[in-house]
Structures are given as structure tokens and as C-alpha cells.
Number of protein chains: 2
Amino acid sequence: MILVEPSGPMNLGSVARLCVNFGVKDLRLVCPKCSPKDSEAKLMAVKGIDLLKSARQFDCLLDAVADCQKIIATSGRIDHGGIPIDPPDKVLTWSIKNSPKGLIALVFGREDRGLTNEELLLAHKVIRLRSNKTYPSLNISHAVAVVLHEYQRVSGEGIITDNSSFHKEPAPPLQLEACLNDAQDLLLQVGFLLEHTSQSRMAKLRALLQRSDIRKEEVALLRGMVRQLRWAIQRKDS
Amino acid sequence: MILVEPSGPMNLGSVARLCVNFGVKDLRLVCPKCSPKDSEAKLMAVKGIDLLKSARQFDCLLDAVADCQKIIATSGRIDHGGIPIDPPDKVLTWSIKNSPKGLIALVFGREDRGLTNEELLLAHKVIRLRSNKTYPSLNISHAVAVVLHEYQRVSGEGIITDNSSFHKEPAPPLQLEACLNDAQDLLLQVGFLLEHTSQSRMAKLRALLQRSDIRKEEVALLRGMVRQLRWAIQRKDS
């Protein structure tokens, strides 16, 4: 991650935090106009404070990208001297594909006027975010957030394996069937289903439950409900 | 865009700016802990200042989402009570595909502790960003930036809407809420729910129905069922 002449300490701190949020281990600053030691920068960095402190400084962008295999710049400007500009997913996919192990530089420009055309020309590719035409200009730290998340997405890293939804055991078809039959009996008994509406209404209930990919424990819950309702109704009959 | 109890004026202002950056025209605040009129909020909003001023305020999330067809929440927490969580591209593609014209609510929680499990259960889907495991927690405005850009990306790619199964009208949140409350009363009455199990069991039922993307007519069917069961039980009492 390379920032060229960042001037807002809060932005600087926010970017450091984002680097840690997305596993970026190298933060470089080209002629920063504010100090990484600024209290506002530290405040915004939160757990990115070590990265902020260790950020290396360079006199020009060329020096900062010297050891990088792929250089990706970002631009919000329209007048970019004819340099081809693409959306982030396209550029990042390309860079990962073509530099699977090399260092990839992501370069962000000044808060007020971005990167110069000369700086953009140091890049292999230039990104522009998919923002609204009427007001396309994001705060720099928000642009960084978008690009880092997009990098994570296209590189397949940080894929969430939540699991709670997958570790649960799906309901065996016979269990669901038995539960639905049980419910049907009850609903016929209380007159919610009539002989001639029974089939179509039960089909609707079944479709609803199938669509939710119902789990074993959930069928058990529904079955318990049916049982308790039946008990409440029959209690009076006996 | 819905923020629940935002407390940082700079975050609030940043989100308003991002909304304009990405063409979002509706900003809603649930019990905000800071004022949209705060000078820091206005400063960060830049060209989002009109949206910030016009943000509507609500007393609870349910009221804020009442007119929305799809409700997408975000969570950074791990202990989310078993609610399925997916990456943004997957959830946003789903929401656009299944609600091509309806209002989609993007809900972000408190800066310090996100959304409660009860609030997450109001959502059809929950997003977690693809951030790094060691420090996954983004500042809220950066999370908003990522999600809005991702929305733009997936909606701009000309997603094919295979809608065969989705012409049905989704259930409005208030309708589902009323139905669940009605069912809860009945299930307490028959002793299936006890005061101390009520909340967790109802949460399971709610999660099941949300996962199935329940439709208006299906909620009506369930409601009719509850009514008929209640009638069958009370008939005996009279």
C-alpha cells in the first residue's frame, strides 16, 4: 500500500487500520504532508498503529515502487491523459493472475488532486471505482477500503466460512414427511384444512419449508409444536 | 441505507457522503446517538450534506424497514446466534435478482457492537466482509463503502434475472412480525413456549421463515392457521 503525499492525519490512520483489516503488511508513504505520529492518525489507526509507526517514507513514487512487480494506481479524475482506466475487479484479477507471487503496489494519490499523469504512467494499470457520475469522488480511505476488499474477493482470500449454516444437519426427507403428515392431521382436526383444500395448502407449507432448506433440529421443533397443540386441544375432550 | 444508533458524527457524515458517491437516495437513522447537525458530521458529508439533513429518524429498526422488500444486515461479530452469514457479492446478487424493483434496506449497526441478534433476525440475509481474521473489524463508514461499491458492481454487471420463482410478493416486515407475535401468544397459551424459552425458540422459527424468503400469501396462510388453532382451543373453554 502506497500513499502519495497524504495530508490528512485521520485518513492516514484510517488507511493503516484498513491495511491490518485486510492483511496488508507493507505501508509506504511518498512525501507525506502529515505525520504518522499525529495523535489523530494514531486514534484512527486503532490496531493499525504498529503498521503506521513502521511505514517507510520515500522521496518519490518511483523509489517507492522500485521492488514491486505490478503497480496499480487509482484515479478519480477524468482528465487522465488518455491512460486506460478500468474497474477494480478487472485490474486486480489481472495483477494477481500475472504476478502470483510478486509484490503488488496499490498506489493512492493526494486527497485533493490524486496522482499526476506522470505518476499514473508509472502504473501498469489504473483503477477507477464504480461510483456515481454526479459525485464520484470518495474520501481516500473509503477508496482504499473498496480496493482492498475487492482484492481480497478476487484473490479468493478471506472467504468467510461461516459455517453455522453448513454444519447444521439437513432434515432427512422422511423426517420432514412425517412432520408434515402429523401437522396435516392436526390441521384437519381443527378445521383449518378441509378434505378438498388439504392437498394444495399442505403443498404450500411444504414448499415454504423446502425453500428454507430446513434442518433436522428445526423439523423437531415444529413436530414438538404440533404435539403440544394437539395436547392442548385434546385435553378438553377427555 | 439504515444506520442503527450511530454514535460518531464523523462516521455519520462519511456515510452520507458515500451514499451520494454511490447514488443512494434514502438515509434512515434508528435512534441516532449523535446529531446529523453536528459540525463534524457536516464537514465529513461534503456533498452529502443535503442527504444528511433530510435523513429520517425512527424509534426501532422494524419501523425503519417497514416498507422495504429486502432487508440486508451486516455483521462483524462471530457469535451471531446461528444466523447464516455470507460475503457481500453473494448477498447483494441475491437481493438484486429477487427484488429488481423493490426497496432494498442495507442495515449497519452500532460502531462498538453492531446489530443485536434480534435485529439480525429482521434481515433476510446477513453480510460479513472478507476481512482478515486477525483484525476483521472495519470502521463502519469503510464497511459502508465496501458494500455500496459491491452493490454497484454486481448490479452493473447485467445480472440475469431468472425470476420464475420470484414473481410472488415478499412479505412486508410488519406483516411477518404481527404473525410471529400472534403465533407466540398461542404457543405460550398451550405451553409449548415458556417464558424463559420463548425468545430463543421464536428466534429459531423466525430464522427459518426469513431463510425461505417468505411471501405475503404464505404469511397469510400461517396467520390463518394460528387463528384456527386458537379457535379450536378456546371453543372448549367457553
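Residues numbered from 1 in each chain as written. Chains lettered and ligands numbered in written order. Predicted model: local features only at pLDDT ≥ 70, side-chain atom pairs only at ≥ 80, totals over all residues. Heavy atoms only, no water.

### Structural notes on the overall build of chain A
Here comes step 1: In terms of helices and strands, chain A carries 11 helices and seven strands.
Here comes step 2: With the C-alpha coordinates aligned to their principal axes, the bounding extent of chain A is approximately 90 × 40 × 40 Å.
Here comes step 3: The buried share of chain A, reckoned over its 238 residues, is 51%.
Here comes step 4: Here chain A displays about 11,700 Å² of accessible surface, and carbon together with sulfur accounts for 53% of that area.
Here comes step 5: Averaging the coordinates of the 33 positive side-chain charges in chain A and doing the same for the 27 negative ones gives two points 3 Å apart. (Helix = DSSP H or I, 4+ residues; strand = E, 2+ residues; numbered from the N terminus. Buried < 20%, exposed > 50% of the residue type's maximum accessible area, 1.4 Å probe, protein only. Areas by Shrake-Rupley, 256 points an atom, 1.4 Å probe, with all protein chains shown as cover. Lys, Arg positive; Asp, Glu negative; His and termini not counted. Charge placed at Lys NZ, Arg CZ, Asp CG, Glu CD.)

### Observations regarding helix H5 (residues 88-98) of chain A
Here comes step 1: Turning to H5 of chain A, its buried residues are Pro88, Asp89, Val91, Leu92 and Ser95 of chain A. The arc that holds every buried residue of H5 of chain A, seen down its axis, measures 165°, which confines them to one face. In H5 of chain A, the exposed positions that point more than 90 degrees away from the buried face belong to Lys90 and Lys97 of chain A.
Here comes step 2: Those residues of H5 of chain A hidden inside the fold are in contact with strand S4 (70-74), strand S5 (85-86), strand S6 (104-108), strand S7 (125-127) and helix H7 (140-155) of chain A together with helix H7 (140-156) of chain B. (Arc of directions from axis to C-beta. Contact = heavy atoms within 4.5 Å.)

### Here's the deal with the interface of chain B and chain A
Many analyses report the size of an interface as the accessible area lost when the parts associate.
Here comes step 1: At the interface, 65 residues of chain B touch 63 residues of chain A.
Here comes step 2: Taken over both partners, the interface formed by chain B and chain A buries close to 5,900 Å², and the fraction arising from carbon and sulfur atoms is 64%.
Here comes step 3: Ranking the residues of chain B by area buried against chain A places Arg130, Tyr135 and His142 of chain B at the top, with a combined share of 14%.
Here comes step 4: Linking chain B to chain A there are three salt bridges.
Here comes step 5: Here glutamate 150 of chain B ties to arginine 153 of chain A by a salt bridge, and the two come within 3.3 Å at their closest N and O atoms.
Here comes step 6: Linking chain B with chain A are 22 residue pairs in polar contact (both at pLDDT 80 or more).
Here comes step 7: Going through the elements one at a time, helix H1 (9-21), strand S5 (85-86), helix H5 (88-98), H7, helix H8 (173-189), helix H9 (198-211) and helix H10 (216-237) of chain B are the ones with two or more residues in the side of chain B that touches chain A.
Here comes step 8: A total of 12 residues in the side of chain B that touches chain A trace back to one element, the largest contributor, which is H10 of chain B.
Here comes step 9: The residue inventory of the side of chain B that touches chain A, partitioned by class, reads 31 nonpolar, 17 polar and 17 charged. (Buried area = accessible area lost by both parts, 1.4 Å probe. Salt bridge = Lys/Arg side-chain N within 4 Å of Asp/Glu carboxyl O. Polar contact = N/O pair within 3.5 Å; in protein donor to acceptor, adjacent residues only side chain to side chain. Nonpolar A, V, L, I, M, F, W, Y, C, P; charged D, E, K, R; others polar.)

### Here's the deal with the packing of aromatic side chains
Residues and elements named next belong to chain B.
Here comes step 1: Enumeration over the complete set of coordinates arrives at zero aromatic pairs over all chains.
Here comes step 2: Directly above the aromatic system of tryptophan 94 lies the positively charged group of lysine 125, at a separation of 4.7 Å from the ring centroid.
Here comes step 3: The positively charged end of arginine 201 is found above the aromatic ring belonging to phenylalanine 192, 4.5 Å away from the centroid. (Phe/Tyr/Trp six-rings, centres within 6.5 Å; stacked < 30°, edge-to-face > 60°. Lys NZ or Arg CZ within 6 Å of the ring centre and 35° of its normal.)

### Observations concerning the nonpolar core
The nonpolar side chains of a soluble globular protein tend to be buried with one another.
Here comes step 1: Ranked by internal contacts, the top residues of the largest apolar core, which has 72 residues, are Met1 and Leu27 of chain A together with Met1 and Leu27 of chain B.
Here comes step 2: If you tally residues by element for this core, the top one is H7 of chain B, at eight residues.
Here comes step 3: Aside from chain neighbours lying at most four places away, what touches methionine 1 of chain B is Val15, Cys19, Val24, Asp26, Leu27, Arg28, Leu106, Phe108, Val144 and Leu148 of chain B. (Core = buried A, V, L, I, M, F, W, Y, C linked by side-chain atoms within 4.5 Å.)

### Description of the domain arrangement of chain A
Here comes step 1: Split into domains, chain A comes out as domain 1 (2-155) and domain 2 (165-237).
Here comes step 2: One C-alpha centre belongs to domain 1 of chain A, the other to domain 2 of chain A, and the line joining them spans 55 Å. (Domains from an automatic or database assignment.)

### Section: unusual backbone geometry
Phi is mostly negative for residues that are not glycine, and the peptide bonds are mostly trans.
Here comes step 1: With a phi angle near 40°, cysteine 31 of chain A is a residue other than glycine that sits in the positive phi range.
Here comes step 2: Using a relative accessible area of 25% as the deciding quantity, one classes cysteine 31 of chain A as partly exposed.
Here comes step 3: Phi is positive for valine 46 of chain B, close to 50°, though the residue is something other than glycine.
Here comes step 4: Assignment of secondary structure puts valine 46 of chain B in the loop between helix H2 (39-45) and helix H3 (49-53).

### Observations concerning the sheet that holds S5 of chain B
Residue and element names in this part refer to chain B.
Here comes step 1: The sheet built from seven strands is open, its strands ordered S3-S2-S1-S6-S4-S7-S5 with parallel pairing. Each edge of the open sheet carries a strand with a single partner, namely strand S3 (56-58) and S5.
Here comes step 2: Where strand S4 (residues 70-74) and strand S7 (residues 125-127) come together, three bridges link them in parallel fashion. Paired with alanine 73 across the strands is valine 126, a residue of S7. (Pairing = 2+ DSSP bridges.)

### Here's the deal with the packing of H7 of chain A against H7 of chain B
Here comes step 1: Their axes nearest at 8 Å, the elements H7 of chain A and H7 of chain B cross at an angle of 60°. Classified by the angle between their axes, H7 of chain A and H7 of chain B sit oblique to one another. Where H7 of chain A crosses over H7 of chain B, the two elements pack in a sense that is right-handed. Of the residues in H7 of chain B, those touching H7 of chain A at Ser141, His142, Ala145, Val146, His149, Glu150 and Arg153 of chain A are Ser141, His142, Ala145, Val146, His149, Glu150 and Arg153 of chain B.
Here comes step 2: Here the contact of H7 of chain A with H7 of chain B is composed, by residue class, of four nonpolar, six polar and four charged. (Axes fitted to C-alpha atoms, helices over the stretch in contact; angles between N-to-C directions. Parallel < 35°, antiparallel > 145°, perpendicular 65-115°, else oblique. Left-handed = near helix turned anticlockwise from the far one by under 90°.)

### Comments concerning the pairing of S4 of chain B
Residue and element names in this part refer to chain B.
Here comes step 1: Taken across its five residues, S4 has five buried, putting it largely inside the fold.
Here comes step 2: Here S4 shows a buried face lined by Lys70, Ile72 and Thr74 and a second buried face lined by Ile71 and Ala73.
Here comes step 3: In this structure, S4 lies alongside strand S6 (residues 104-108), joined through four bridges in parallel fashion. Note on S6: the bridge partner recorded for isoleucine 71 is alanine 105.

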